[in-house]
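# Structural features, examined
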Amino acid sequence: MTPIRIMVADDHSVVRKGVRLLLEDEADLEIVGEAPDGDEAIDLIPVLKPDVLFLDITMPRLSGIEALQIITQQFPNVRILMFSMHNNKDYILKSVQYGAAGYLQKDTDREEILRAIRAVVSGDLYYPPSASSVIIRHLVLPNTSGTKEKMSQPPAKKSSIWNKVSSREAQILTCLIEGMSSQEIANRFDISANTVANQRASILRKAGVKNTVELIRLALDEKRSGGNA
């Protein structure tokens, strides 16, 4: 039986070591590598080919949420378990929004971590009750109430690209408008040029345009018209 390949991305070495110690005795699991931030995690994924990635949320250079958006687009076969100190509503909802397979707090016991790994590898999602209750309150229930009222409302205006991108993507988009190269942007934010390229590709997809020239024209038009408000 081929072991499940696990990778851990967390800026605290003690956390990475702790996960390794928790899982290393499991015959069907293999820890294939670690990363101290989201940027390095993205660079290592094509090399290490993990099945499951434990992804910390608050990391330097590139946060877990920002990395999640890139990884789910670039490496859709990697199952991502967000790993956080807090049962934070915004973190949970963004994890769902951007395609995480599950969400665990760092004080989760070993048995539940093992259940989560095996669940997501089998194609299921794993959000424990504390996270599921947040999802139900904020995503499920609002969508099941007021259906008639919503149906009678006129179609919503098309959202501006400035409202579709993450905060880091907005910074990169601003740099592109200023004429900066990928390497210059990478140097400014202390990330790799590969990460800049991935984020630029994500912005292009969200904007629905084919190239950077079209993207800049669209972004400038919407900025002038107040579309980023």
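Residue numbering note: each chain is counted from 1, following its sequence as written. Local features in this predicted model are restricted to residues whose pLDDT is 70 or higher, and side-chain atom pairs enter the listing and the counts only when it is 80 or higher, whereas totals over whole chains, interfaces and linings include all residues. To get the side-chain values, all heavy atoms of the structure are used, and hydrogens and water are removed first.

Okay, the pairing of strand E1 (residues 4-9) next. Only protein chains enter the accessibility calculation, which uses a 1.4 Å probe. A residue is then buried if its area is under 20% of the maximum for its type, exposed if over 50%, and partly exposed in between. The secondary structure listing takes helices from DSSP runs of H or I that are at least 4 residues long and strands from runs of E that are at least 2 residues long, numbered from the N terminus. Within E1, 5 of the 6 residues are buried, which leaves it mostly tucked inside the rest of the structure. Taken together, the 6 bridges between E1 and strand E2 (residues 29-35) define a ladder with parallel strand orientation. The residue bridging Ala9 from the neighbouring strand is Ala35, located in E2. Note on handedness: a crossover is taken as right-handed if, strands pointing away from the viewer, the path from the first strand over the helix to the second is clockwise. In this fold, the crossover linking E1 to E2 by way of helix H1 (residues 13-23) has right-handed handedness. We call two strands paired when DSSP finds no fewer than two bridges between them. When E1 meets strand E3 (residues 52-56), the two strands line up parallel, connected through 4 bridges. Residue pairing for E3: Met7 is matched across the bridge by Leu53.

If you check helix H12 (residues 212-224), its first and last C-alpha atoms are 18 Å apart, about what 13 residues at 1.5 Å a residue would give, namely 18 Å. Residues of H12 that are buried: Leu215, Ile216, Ala219 and Glu222. Take H12 and look down its axis: the buried residues cluster within an arc of 135 degrees, on one side only. Pointing more than 90 degrees away from the buried face of H12 are the exposed residues Val213 and Arg224. Expected span of a helix, by definition, is 1.5 Å for each gap between consecutive residues, and there is one gap fewer than residues. The arc in question is the one traced by the directions running from the helix axis out to the C-beta atoms.

Next up on the list: the pattern of salt bridges. Opposite charge on two side chains permits them to pair, given that their charged atoms come into close proximity. Salt bridge criterion: a side-chain nitrogen from Lys or Arg within 4 Å of a carboxyl oxygen from Asp or Glu. Throughout the structure, instances matching the rule amount to 14 salt bridges. Where Arg110 meets Glu26, a salt bridge forms, and the shortest distance between an N and an O atom there is 2.3 Å. On the criterion of sequence distance, the pair formed by Arg110 in helix H5 (residues 110-121) and Glu26 in the loop between H1 and E2 is long-range, its members being 84 residues apart. Take Arg110: its relative accessible area is 27%, and that puts it in the partly exposed class.

Attention shifts here to the packing of aromatic side chains. Each pair of aromatic rings taken from Phe, Tyr and Trp, with Trp reduced to its six-membered ring, is defined by centres within 6.5 Å and is described as stacked if the planes are under 30 degrees apart, edge-to-face if over 60, and tilted in the remaining cases. Applying the stated criterion across every chain, the model contains 1 aromatic pair. Plain terms: the ring middles of Phe54 and Phe83 are 5.3 Å apart, the flat faces sit at 75 degrees to each other, and that makes the pair edge-to-face. With Phe54 in strand E3 and Phe83 in strand E4 (residues 79-84), this residue pair connects regions lying 29 residues apart in the sequence. Like Phe54, the residue Phe83 is buried in the burial classification.

Here the focus is helix H11 (residues 193-207). Between the first and last C-alpha of H11 there are 21 Å, a value that for 15 residues agrees with the 21 Å anticipated at 1.5 Å per step. Thr195, Val196, Asn198, Gln199, Ser202, Ile203, Leu204 and Ala207 are the residues of H11 that are buried. The elements touched by buried residues of H11 are helix H2 (38-48), helix H3 (64-74), helix H8 (161-164), helix H9 (167-177), helix H10 (182-189) and H12. Just beyond H11, the residue with positive phi is Gly208, at close to 75 degrees. In what follows, residue pairs with any heavy atoms lying within 4.5 Å of each other are defined as contacts.

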